[in-house]
Amino acid sequence: MTRTQPDRGPLPGTGTGAHTSPLLHVRDLRVEFRTRDGVATAVDGVSFAVEAGETLAVLGESGSGKSVTAQAVMGILDSPPGRVTGGRILFDGRDLLKVSAEERRSVRGARMAMIFQDALSALNPVVSVGRQLGEMFQVHRGASRKDAWAKAVELMERVRIPAARARAGDYPHQFSGGMRQRIMIAMALALEPELIIADEPTTALDVTVQAQVMDLLADLQSEYRMGLILITHDLGVVADVADRIAVMYAGRIVETAPVGDLYRAPAHPYTRGLLDSIPRLDQKGQQLNAVKGLPPSLLSVPPGCSFHPRCPAVRPVCHADEPPLYEAGAGRASACHFWKELLDDECAE
Amino acid sequence: MTSAPSESPAPAGPAPHGPREAILEARDLVKHYPLTQGVVIKRQVGAVKAVDGVSFELRRGETLGIVGESGCGKSTVAKLVTSLEAPTSGSIRFKGEDVTRLSGRARKALRRNIQMVFQDPYTSLNPRMTVGDIVGEPFDIHPEAAPKGERRRRVRELLDVVGLNPEYVNRYPHQFSGGQRQRIGIARGLALRPEIIVADEPVSALDVSVQAQVVNLMERLQDEFDLSYIFIAHDLSVVRHISDRVGVMYLGKLVETGTESEIYEHPTHPYTQALLSAVPVPDPAAEAGRARIVLDGDVPSPANPPSGCRFRTRCWKADERCAKEEPPLLVPGAGPAEGPARHPSACHYAEEKARIVPE
C-alpha cells in the first residue's frame, strides 16, 4: 500500500536514506506476549507505510493490537512480557529492529515522537512543565538551562497555551485536561520529529476540547510536514483528519483504504459492522445493527478468518482458510475472501 | 422537560406513546459541596456549585437524555434523583411525593422504584461476589420484593432477560467481558422491577461494536417493562439515538431543553451549537459542508462560576448584558412564533444556526 512518494523537500536532520521509500515502512510485524495462560499474538503480520505529511489512522477496538503496534514502532514495548518476534520496521530506510539500543534511543524523541492518551500520567508530576519541555533540548541538543527554558516557552506558545511565559513554571496538575494534552503535543514536537504517533490523543477529552486539540494537531502537522499515525477507536475523529485508514481486528489489519472510500463502501464485513453499529449525530435510527458476539481472546484466535464467528456473511471457506490481504482496487486492500461481492453489493445499493 | 417557569408550553411534537403523565419532577435542584479550610477548626470558604437550580420532568415510558461535558453536574443530578446524595435545596417528586423529605422506611420503599446503572462495569460489580449474588442482592435489601424460595429462579430469569446464559449464576465478574458485565449491572438494576432507571454513562466504557448491543438491550427492556429512563452521557450521538427529550447542561445548569429533534436539528443556545458542531461524524462527505464552531478556553471552575450567563466567557455572542443578567431557561421571545426552534433556551440571544449537524 505504498503510494508514490510526494516531494518531501529538504528537512533539517534528514538527508540520509533512500528517497524512493516511504518515511516509515512496517513489514510483517509480529509481537507476542508470554502470559501464564499461553502465548498471545497481539500483532500478527502487520504491514503498512506512512509518507511524510500523511496521516494514517489505525482503527480498532480494545485488544485489536493497535497500541502494541505503536509501541513496537516506538521501541517502548514492555519487554518482557512483550517481544517482537518477526518483521521489519524501516524508518527512513533503516531497520529499527536491527540497530543498537543507543541508536534507537537517538531516533526516539528526536526523529519520531509519541503522544499518549493520558497526559496526567505521562507527564512528571513533580517537575514544572517548562523544565520537562526544556529537558528535551538539554538532553538531545545540549542546550543550556536558560536556552532550554526559552525554547520551552516558545513551544508552549506554539501549541497556543495562553500566558505561556507565566505558566511555564506551573506543574502538570495545575493545567486542565486539554492544556495538558497541548503540553504533550509540545513535547512531541520539540525536536521537530519526522513522525508522530498519537495513541488515542483525545479520548480522555470533552468534545469541545477534542475539537481544539485535533485542529491544533492537524495545523502543526501540515506546518512541519510530519507523518502522523493516529491510533483510535473513534470512527468519527478519523473521518475528519486521516488520509488513509487501516482497520485492525485481532492483531491483523483487515482493511486499508483512503478515508473517503472506506466510509463510502467498506470492503470488509467488520468495517461495515462497525460503521452500522454506531449511532450517528445526524441520524435518528430505531435499531442499531450491532455486531454480534465479542472480539476473540488473543490466546485463542479462531482459525481461518478471525472474524468468521461474528461475520453476517460467513461461508464454509472462512472457517478454514485465512484470507490474505487482497488488493481491492486503487490503494485499497481487504482481508475478506468475498470483498468483491461486498463492494458490488454496496455499489448496487 | 418543561423547566422552572411554568408558562413554557408543552414541547412540540407528539410523544411516542401519546401523552403520558410525569412520573418524576425535579424543581430547582441545588447541590453545593462545601469547600473547607483548616485542619482542626474547619471553616467553609466556598462551595462547588455542582448543580445550581435544575428543573425537569420525566414522563412515564420516555427516555430523558442529559448531555454535557465533564464537570457540568450531570452525574450529580443522577445521584440526587436516586437519593444517593441529598440536595442542598429543591425538590424531587416521584408520583407527586417529595422524595427529599422522606426518611426511614418510606424512603427505602421509594428507592425500590428508582434504580441506577453505573458507568464502569469493572468497578461497579463486587469481584468477590458471584453473578447470582450480585443480581440477587437487591432482594436482601428489599426482602418483600421476592420470597426467599423464589429468588434463585428470579435471578435466572433476570439473566435470561438481559441476554446472559442463566447457567452463569455461579461465575464471578472477572469471567465476563465489559459488555456482559454491563448486562449484569442492568439485570441488578431491573431486579426490583423499578419504574425508573437512571443510567449514568452506561455505554461509555464499552467498545463500539458492543455499545450497540447494550443500547439495543436497553431499548428492548424499556418497551418490555414500561421503564422510564434518565440517560446521562457525554456522547451526543448515543443520546440522540436513545432519547425522546434532551437537556443540555453547562456548569451546573440546564441551558437548553427540548425534544430530540428540537435540540439536534434546531439548537438555539450557543453552547448546544458549539457542542454539536464539535462532534465528529463518521462520514467525510457529510463532514465537508459543515459549520464548525471551535470554542476557546476551558469550562470555568464550578466553585467560582462567571456572573450572569455562565457560558459567556467562551461565547462569541457575549456582551455586557450577559455579564449582568442571568438568562432564564425560557422559550425565546424573539424569533419565529411557531416551529421547532421554539423550545426553552437559556440565552439572551437564542437563535438557530444552520449546518451544525449535517443533513
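Here the structure is a predicted model, which is why all the values come from computation and not from measurement.

Undergrad: What exactly am I supposed to notice about the overall build of chain A here?
TA: When its secondary structure is counted, chain A shows 13 helices and 12 strands. Since a compact globule built from 349 residues should have a radius of gyration of about 20 Å, the 21 Å found for chain A is in line with a globular shape. Viewed in the frame of its principal axes, chain A has a C-alpha envelope of about 70 × 50 × 45 Å. A burial count over chain A gives 53% of its 349 residues as buried.

Undergrad: How do you make sense of the UniProt feature "domain: ABC transporter" (unreviewed entry) in chain B when you look at a structure like this?
TA: Sequence positions flagged by UniProt for "domain: ABC transporter" (unreviewed entry) are, in local numbering, residues 24–276 of chain B. The span residues 24–276 of chain B carries 35% helix and 28% strand; its end-to-end C-alpha distance comes to 28 Å.

Undergrad: Please clarify how the packing of helix 4 (residues 129–141) of chain A against helix 5 (residues 145–158) of chain A should be interpreted in this entry.
TA: Two measures define how a pair of helices packs: the angle their axes make with one another and the distance between the axes. All names here are of chain A. It is at 8 Å that the axes of helix 4 and helix 5 come closest, and there the two elements cross at 115 degrees. Comparing their axes, helix 5 and helix 4 come out roughly perpendicular. As for the relative orientation of helix 4 and helix 5, their crossing is right-handed in sense. Contacts from Val129, Gly130, Arg131, Leu133, Gly134, Phe137 and Gln138 of helix 4 reach helix 5 at Arg145, Ala148, Trp149, Lys151, Ala152, Leu155 and Met156. Grouping the constituent residues of the contact of helix 4 with helix 5 by class yields eight nonpolar, three polar and three charged.

Undergrad: Explanation requested: the environment of Val314(A) in the structure shown.
TA: Residues and elements named next belong to chain A. Following the sequence through the fold, Val314 ends up in the loop between helix 11 (269–277) and helix 12 (316–320). A sequence separation of 83 residues divides Val314 from Ile231, and the C-alpha atoms of the two residues are 28 Å apart. If near-sequence neighbours (up to four positions away) are discounted, Val314 is found in contact with His308 and His319.

Undergrad: Mind showing me how you'd approach the side chain of Arg280(A) here?
TA: Along the chain, the position of Arg280(A) falls in the loop between helix 11 and helix 12. On the basis of relative accessibility, which here comes to 15%, the residue Arg280(A) falls in the buried class. Side chain to side chain, Arg280(A) and Asp283(B) meet in a polar contact 3.4 Å long. Apart from the residues lying within four places of it in its own chain, the contact partners of Arg280(A) are Ser237(B), Arg240(B), Val281(B), Pro282(B), Asp283(B) and Ala286(B).

Reading the values: rules and limits
- Residues numbered from 1 in each chain as written.
- Chains lettered and ligands numbered in written order.
- Predicted model: local features only at pLDDT ≥ 70, side-chain atom pairs only at ≥ 80, totals over all residues.
- Heavy atoms only, no water.
- Helix = DSSP H or I, 4+ residues; strand = E, 2+ residues; numbered from the N terminus.
- Rg over C-alpha atoms; globule rule 2.2 N^0.38 Å.
- Buried < 20%, exposed > 50% of the residue type's maximum accessible area, 1.4 Å probe, protein only.
- UniProt positions renumbered as here; feature names shortened; annotations may be inferred.
- Axes fitted to C-alpha atoms, helices over the stretch in contact; angles between N-to-C directions.
- Parallel < 35°, antiparallel > 145°, perpendicular 65-115°, else oblique.
- Left-handed = near helix turned anticlockwise from the far one by under 90°.
- Contact = heavy atoms within 4.5 Å.
- Nonpolar A, V, L, I, M, F, W, Y, C, P; charged D, E, K, R; others polar.
- Polar contact = N/O pair within 3.5 Å; in protein donor to acceptor, adjacent residues only side chain to side chain.

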